[in-house]
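Geometric and topological summary
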Amino acid sequence: MKGEFFLHKNVEFTDLGGGVKRKIIGYTDDIMVTYVTFEKGAIGEAHIHDIHDQIGYVLSGKFEVTNGGVAQVLEAGDAFIAPKHILHGAVCLEAGVLIDTFTPKRDDFLE
């Protein structure tokens, strides 16, 4: 198998609107990792995944994350785990970046 690399400067952002942009870092059938930027005040609307487990890692900034009915302020180095069927969302308190990992991969992100 040949190795692959993600070069940040070579991948365009997808503008999701509302101050949120995403790049796909990489994926296989079983896992996907994304780089998501948030402007201050941007909202990751509360939602539930039917088949995807998610881990969100705060690379920079500050976020108030609500996960399974519990709100927590997260800063760089913190993370949240949102298994499938758990309501979760975030409000960006200070502009920053989330590294989101999903299993299995998000086919809807590739369309």
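Let's shift gears to the side chain of Lys105. Looking at the element boundaries, Lys105 is found in the segment after β8 (88-103). Of the residues examined, Lys105 reaches a relative accessible area of 14% and is grouped as buried. In contact with Lys105, other than residues within four places in its own chain, are Tyr27, Thr28, Asp29, Asp30, Ile31, Met32, His52 and Leu110.

The next subject is a nonpolar patch on the surface. The grouping of Ile43, Val73, Val91 and Leu93 at the surface amounts to a nonpolar patch, some 270 Å² of accessible area in total. Note on placement: Ile43 falls in strand β4 (residues 43-47).

Looking at the largest pocket, its volume works out to about 400 Å³. At 6 residues, the largest contribution of residues to the lining of the largest pocket is made by β8. When grouped by side-chain class, the residues that make up the lining of the largest pocket number 10 nonpolar, 8 polar and 4 charged. Looking at the second largest pocket, its volume works out to about 150 Å³. The wall of the second largest pocket is formed by Glu4, Phe5, Phe6, Leu7, Val11, Ile24, Ile25, Gly26 and Tyr27. Among the residues making up the lining of the second largest pocket, the classes are represented as 7 nonpolar, 1 polar and 1 charged.

Among the structural elements, Leu16 can be located in strand β1 (residues 14-17). The spatial distance from the C-alpha of Leu16 to the C-alpha of Val36 is 9.7 Å, given a sequence separation of 20 residues. Those residues in contact with Leu16 that sit more than four places away from it in its chain are Lys21 and Arg22.

How each quantity is defined
- Residues numbered from 1 in each chain as written.
- Predicted model: local features only at pLDDT ≥ 70, side-chain atom pairs only at ≥ 80, totals over all residues.
- Heavy atoms only, no water.
- Helix = DSSP H or I, 4+ residues; strand = E, 2+ residues; numbered from the N terminus.
- Buried < 20%, exposed > 50% of the residue type's maximum accessible area, 1.4 Å probe, protein only.
- Contact = heavy atoms within 4.5 Å.
- Patch = residues over 30% accessible without salt bridge, like charges linked within 9 Å, V, L, I, M, F, W, Y side chains within 5 Å.
- Areas by Shrake-Rupley, 256 points an atom, 1.4 Å probe, with all protein chains shown as cover.
- Salt bridge = Lys/Arg side-chain N within 4 Å of Asp/Glu carboxyl O.
- 1 Å grid on protein atoms, 1.4 Å probe; cavity = no way out; pocket = protein on both sides within 12 Å on 5 of 7 lines; lining within 4 Å.
- Points joined across faces, edges and corners; volume = space filled by probe spheres on them.
- Nonpolar A, V, L, I, M, F, W, Y, C, P; charged D, E, K, R; others polar.

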